[in-house]
Amino acid sequence: MSFVLEQLARFFRRSPKSGPEEVRSAFQDHYRNFRALLTANNNALELMSTAEEMLHSGKPFGMAFVGGDITALTVNVFKMVRSLIALSDGRYKELEDRFKIIADRVEAILSRQPVVAGSAFVLTMEEIDSGAVDQVGAKMANLGELRNRLGIRVPEGFAVTVLAGRHFMEASRITDEINRRLQTLDVEDLQALDRVSDDIQDLIRGAHLPDDLDHLIREHADRLAHDAGDEATVSLRSSAWGEDSRQSSFAGQYRTRLNVPLAAIPETYKDIVAGKYRSQAIVYREQRGYRHQDVLMCVGCLVMVDAVVSGVCYSRPPDDPRSPWLVVHAAPGLGNHIVDGTSAYDLLRIGRESPHAIVAVHLATGESANACLSDVHARELAQLSLRIEQHFGTPQDIEWAVDRDGRLVILQARPSGTLTPTNAGAAPDSASFEAAPILAGGATASRGVASGAVRRVKTQEQALHFPRDAVLVVETPYPEWAVLMNRAAAVVAESGQIATHLATVAREFGVPALFDLPGALSRLEDGQVVTVDATGRRVYQGCVEALLEQATRRPNLMEGSPVHSLLKEALGHITPLHLTEPDSPRFKPAACRTLHDITRFCHEKALAEMLRLGRRLGAKDKSAKQLYVVGLPSQWWVVNVDDGFREGADLSDPFIRIEDIVSEPMLAIWQGINAVHWDGPPPVSLRGFGAIIAQSAMNPQLDPAVRSSLSGRNYFLISRNYCNLSVRLGYHFALAEASFSELLSESYVNFTFQGGAADESRRRRRVHLLADTLRSIDFRVSVKGDSLSARIEKRPIPYLKERLLVLGYLLIHTRQMDMVMHDEARIDRYLEKMRADIAAIRGAAAANSGAENEAAQEHPAG
Amino acid sequence: MKQPKNILLVDDEEEFLETTSLRLRRRAFDVRTATRWGEAMPEVQSGWPHVVVLDVMLPDVDGMECLARIKAMQRHLPVVMLTGHASLQASVWGLEHGASDYCLKPIELDELVEKIILAYQDVR
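Residues numbered from 1 in each chain as written. Chains lettered and ligands numbered in written order. Predicted model: local features only at pLDDT ≥ 70, side-chain atom pairs only at ≥ 80, totals over all residues.

*Asks:* Would you mind showing me how to read helix 8 (residues 190-206) of chain A here?
*Replies:* Each full turn of the α-helix corresponds to 3.6 residues, which orients residues three or four apart in the same direction. All names here are of chain A. Here helix 8 spans 24 Å end to end across 17 residues, near enough to the 24 Å set by a 1.5 Å rise per residue. Regarding helix 8, the residues found buried are Leu193, Val196, Ser197, Ile200, Gln201 and Ile204. For helix 8, the arc enclosing every buried residue in end-on projection is 130°, short of the 170-degree limit, so these residues lie on one face. Along helix 8, exposed side chains directed more than 90 degrees from the buried face belong to Gln191, Asp202 and Gly206. Packed against the buried residues of helix 8 are helix 7 (175-183), helix 10 (265-274) and helix 11 (279-288). (Helix = DSSP H or I, 4+ residues; strand = E, 2+ residues; numbered from the N terminus. Expected span 1.5 Å × (residues − 1). Buried ≥ 20, exposed ≤ 12 C-beta atoms within 10 Å, placed from the backbone. Arc of directions from axis to C-beta. Contact = placed C-beta atoms within 7 Å.)

*Asks:* What is the right way to read the pairing of strand 15 (residues 470-474) of chain A from this model?
*Replies:* All names here are of chain A. In terms of residue burial, strand 15 counts as a mostly covered element, since five of its five residues are buried. The pairing of strand 14 (residues 449-456) with strand 15 spans three bridges and is parallel. Of the residues in strand 15, the one forming a bridge with arginine 455 is leucine 472. Here strand 15 pairs with strand 16 (residues 488-493) via five bridges, running parallel. Across the sheet, valine 473 pairs through a bridge with valine 492, a residue of strand 16. (Pairing = 2+ DSSP bridges.)

*Asks:* How should I be thinking about the packing of helix 9 (residues 211-228) of chain A against helix 10 of chain A in this particular structure?
*Replies:* Two measures define how a pair of helices packs: the angle their axes make with one another and the distance between the axes. All names here are of chain A. For the pair helix 9 and helix 10, interaxial distance at closest approach is 9 Å and the crossing angle is 115°. Here the hand of the crossing between helix 9 and helix 10 comes out right-handed. Here helix 9 contributes Asp214, Ile217, Arg218 and Ala221 to the contact with helix 10, which in turn contributes Ile265, Pro266 and Tyr269. Tallied by class, the residues present in the contact of helix 9 with helix 10 amount to five nonpolar, no polar and two charged. (Axes fitted to C-alpha atoms, helices over the stretch in contact; angles between N-to-C directions. Left-handed = near helix turned anticlockwise from the far one by under 90°. Nonpolar A, V, L, I, M, F, W, Y, C, P; charged D, E, K, R; others polar.)

*Asks:* How should I be thinking about the interface of chain B and chain A in this particular structure?
*Replies:* How big an interface is tends to be expressed through the accessible area that disappears when the partners come together. Between chain B and chain A, the residue contacts involve 19 residues of the former and 20 residues of the latter. For the side of chain B that touches chain A, the elements supplying multiple residues, two or more each, are helix 4 (88-96), strand 5 (101-104) and helix 5 (109-123) of chain B. In terms of residue count, helix 4 of chain B provides more of the side of chain B that touches chain A than any other element does, five residues in total. Partitioning the side of chain B that touches chain A into residue classes produces ten nonpolar, five polar and four charged.

*Asks:* How should I be thinking about the confidence of the model for chain A in this particular structure?
*Replies:* Low pLDDT marks stretches whose predicted atomic positions should not be read closely. All names here are of chain A. Confidence in the prediction for chain A averages 82 pLDDT; 82% of positions are at 70 or higher. Averaged pLDDT values over the elements of chain A bottom out at 39 in helix 20 (residues 686-698) and peak at 96 in strand 2 (residues 157-160). Counted against residues more than four places away or in other chains, residues 7-17, with its pLDDT under 50, gives 16 contacts. (pLDDT = per-residue confidence, 0-100.)

*Asks:* It is not clear to me how unusual backbone geometry should be interpreted in this structure. Could you clarify?
*Replies:* Here A:Ser354 and A:Pro355 are connected by a cis peptide whose omega angle stands at 10°. Relative to the elements of secondary structure, A:Pro355 occurs in the loop between strand 8 (346-351) and strand 9 (358-362). Omega for the peptide link from B:Lys105 to B:Pro106 comes to -5°, which places this bond in the cis form. Along the chain, B:Pro106 turns up in the loop between strand 5 and helix 5. Of note, A:Asp469 is a non-glycine position whose phi angle comes to about 65°, a positive value. Position of A:Asp469 among the secondary structure elements: in the loop between helix 13 (460-464) and strand 15. Taking the number of C-beta atoms within 10 Å as the measure of exposure, A:Asp469 has 13 and is therefore partly exposed.

*Asks:* Is there a simple way to think about the environment of A:Gln280 in this case?
*Replies:* Residues and elements named next belong to chain A. Structurally, glutamine 280 is set in helix 11. Once the C-alpha coordinates of glutamine 280 and glutamate 604 are considered, the two residues, 324 residues apart in sequence, prove to be 48 Å apart. In this structure glutamine 280 touches Gln253, Pro479, Glu480, Ala482 and Val483, once residues within four positions along its chain are discounted.

*Asks:* Can you walk me through the nonpolar core in this structure?
*Replies:* One recurring pattern in soluble globular proteins is that nonpolar side chains are buried together. All names here are of chain A. Core analysis: the largest hydrophobic core is formed by 264 residues, its most contacted members being Val471, Ala490 and Val492. Ranked by the residues each element gives to this core, the list is headed by helix 3 (residues 63-87), at 13 residues. If near-sequence neighbours (up to four positions away) are discounted, alanine 490 is found in contact with Ala450, Gly452, Val471, Val511, Pro512, Ala513, Val532 and Ala534. (Core = buried A, V, L, I, M, F, W, Y, C linked by C-beta atoms within 7 Å.)

*Asks:* Got a minute to help me understand the confidence of the model for chain B in this structure?
*Replies:* Averaged over every residue, the pLDDT of chain B is 90; the share at 70 or more is 98%. Scored by ipTM, the complex comes to 0.91, with pTM at 0.74.

*Asks:* Would you take a moment to explain the packing of helix 3 of chain A against helix 17 (residues 562-571) of chain A for this structure?
*Replies:* All names here are of chain A. Two numbers describe how helix 3 lies on helix 17: the axes approach to 10 Å, and their chain directions differ by 15°. Considered as vectors, helix 3 and helix 17 are oriented roughly parallel to each other. For the pair helix 3 and helix 17, the crossing hand works out as left-handed. Between helix 3, through Met63, Val66 and Ile70, and helix 17, the contact on the second element is made entirely by Val563, Leu566, Leu567 and Ala570. (Parallel < 35°, antiparallel > 145°, perpendicular 65-115°, else oblique.)

*Asks:* I keep staring at the sheet that holds strand 3 (residues 233-238) of chain A and nothing clicks. Help me out?
*Replies:* Strand-to-strand pairing in sheets goes through backbone hydrogen bonds, with the strands running parallel or antiparallel. Residue and element names in this part refer to chain A. Taken in spatial order, the five strands make up an open sheet running 1-2-5-3-4, and their pairing is antiparallel. Of all strands in the sheet, those with a lone pairing partner are strand 1 (122-124) and strand 4 (256-261), marking the two edges. Strand-to-strand twist in this sheet, taken as the mean axis angle between neighbours without regard to direction, amounts to 20°. Summarising the sheet, strand 2 and strand 5 (residues 299-303) pair through four bridges and their orientation is antiparallel. By the bridge assignment for strand 5, phenylalanine 158 is matched with cysteine 301.

*Asks:* Whenever I open this one, the pairing of strand 16 of chain A confuses me. Can you help?
*Replies:* Taken residue by residue, a regular strand's side chains alternate between the two faces of the sheet. Residues and elements named next belong to chain A. In terms of burial, strand 16 is a largely internal element, six of the six residues being buried. Here strand 16 pairs with strand 17 (residues 513-515) via two bridges, running parallel. The partner of valine 492 across the bridge, within strand 17, is leucine 514. Read from strand 16 through helix 14 (residues 501-509) to strand 17, the crossover connection turns out right-handed. (Right-handed = clockwise from strand over helix to strand, strands pointing away.)

*Asks:* How should the sheet that holds strand 7 (residues 325-332) of chain A be read in this particular structure?
*Replies:* All names here are of chain A. Overall, antiparallel pairing links the six strands, which are arranged 9-8-7-6-10-11 in an open sheet. Edge positions in the open sheet fall to strand 9 and strand 11 (408-415), since each of these has one partner strand only. On average, each strand axis in the sheet is inclined to that of its neighbour by 25°, with strand direction left out of account. The sheet contacts of helix 12 (residues 375-392) involve strand 6 (307-314), strand 7, strand 8, strand 9, strand 10 (396-403) and strand 11, and relative to strand 10 the element is tilted by about 145°.

Next up, the structure:
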């Protein structure tokens, strides 16, 4: 007696006798659960591969993706568990506990909250140094460090800590609402982004500041009034976690308010906190892989400096980190105009070595007598900047001011994002390239070369419709344009320089940017394709391949980011597969360590349950039958789990004829199996044959005499629209599963292939050849060692049918590959033949479905 | 296969209700909407809906509680949870308490329609 029948007979003995109606109803219940399990399995596998692909794609993704994918995945795995328990009449109840343990681990990772240090809501400047970075963010911590460790003059004031920010958000109970809006937001939709951004900011501004925090802030405001006078005003700046760190600047993403009267501090505080959700900040975090909830806001509140001149100093130029010069931008008065890219400015170079030679590169007024920064202050600034650089150990980007009393005050110091060699692009002067540029000159704000169609943007409205991979051309590099950095190929601006926030963001994103190029808006037209060589400071007509070849790929901004790490960690509990051998005693619920293990277990056991069911319920038409082909019993078995046999077929004997089968997916596979006549094993060289025998001796699983499980036979488990084929041909084990449905989520083909005699390297080779073939017919394939899994889903039925034909063909013909695998010339010949066969099979399928369509048109229903 | 016809959408986002019900009606469903449990309850009680699409956060009654109440009234009425709240705990709880599915916004209409149909067929 065959193995399957033995197996079935065991259950037959304990099956209760029931009436035909009850049997039918019991069967339908089980079959419904089985189908539900299969659909959930398919969804879960798809969601797993989507997450894996995203993890390795280098593309940006946010928590909305991670939370959405993993929640949906977990839902589907849980559905499988419940379906299996129902299907097996409760036999695998313990699987539910395993599932919950794993799901809890994943949930703990996804919902991990940042730990907030300290217990103070407010720290004054004298209490802050680098050690307070977790309480007040890097911006304020650096400033405190300058004041208290280096004795450098900075504005007086205080910081409302990260802890206070969280207290505010928790007390106002708006976090859930904010997260909900972000979960459903598509950041590619700029209109929706602006709307959600506005809504969230309004929510925060409208929230009630907790009384204790309100009182505390007012107390400190009073203290400032006492020290600096009632008329004093303050600046309020964000100092968020992660902001101004070495890896990511968040430059210009948040909000700064200047000249705020002391009484208005509490209201303005909320406004700064709300700035966390400005459009560009949301996009920036998504692109850089930050969780919104991890970016906690501290707000610095500093007495305004009455400045006569102010600006930015780079201790080393960001576009040339080995330069012997410091670079200083200076403009009269005080403001954010330099970093906002809005004002004319003086550009100086100051030598790093004493006596700090000063070179005026560019003066706003054109005359050195009118330079806004005196040489004395310039040298003092150089010395201070070098001290700061030395103290922090990295090149610095420093905002400074000189007040009415001639005192130099440092407003901010942060590591300057220097250009990495990977996105450096072409050499500074690409003299080797002959064609005349449309535009030349300007300042390299971010190095690199890129090509694309010009899109000029003057208004927010135009920004909303900015197409992907276009070249952004603007008059002024406002920080607001950062929202386009994930879609712009390059940026060209008529004004601005490397100190602008937009330049900083462009450098981080590896987007080439050329600023300070007057006439760009009028010389370039929308839709015109240009190549921007930001390094060589030129813009060329058309797509200049010679230059683009020198360009390197954009940096992978996600790798190592918080969201990337979090997804990677969560997937560690989801995707690894440990349960590979259904015959092993370790194949049990307790051994499931990941959600993938659970899906594998459920799928295997569900098939086994369905195989047993016919006999168990005493339903004759649902028992295993041997397939009868051209008058002979074959080595193929068929189990009908629902409506896979023709109505009225003779089911009295243990055989079934192929003519009596109406399972569409099975018929497609069967047709593929028989599409090309197989001439039996090709003549085998001793070398090839020897290796196969040796491998069989080493691995008893491969010995056909030791068939110990359901996988020991070739069987089809079928219904009209479903087929699961488990096949052992030669030494291969393969499983093909297909479902046809008008519902796309129930339409798919899955294929797995593993094992097989022959040595390791040949097995790998074979699997890769198979993978290439499957990819060529649009399967998504993943290969691990010598096993392969391939999937295709949510496609129309004729499309899937065609793939099943090819799969059927491959099942039979792949094994021939082993025999010739050591012989390159024969492999090539063989592959050639396989390609030709596959093309012929697909051609016939296409002609066939065309004919069916015609027939349908000629004979309209009715 | 039998197709569901009467759909009850329960969600506190009016904009979502408006667009989704419009699009479902174009697919020949009859749609009624409720922004809170108080409005949904009489509909459920009347036995009108074939499938309920339910948000997790409602202003008057928590969506999970809402699910439990629906199931207490109409044990076989399929409920598809559709929410902007990505939570494993909530999703597992929902399925354990009789939800047919737990989906996340944004969802494509085709997918939602399939979920509705599958939910309906599963309880037949």
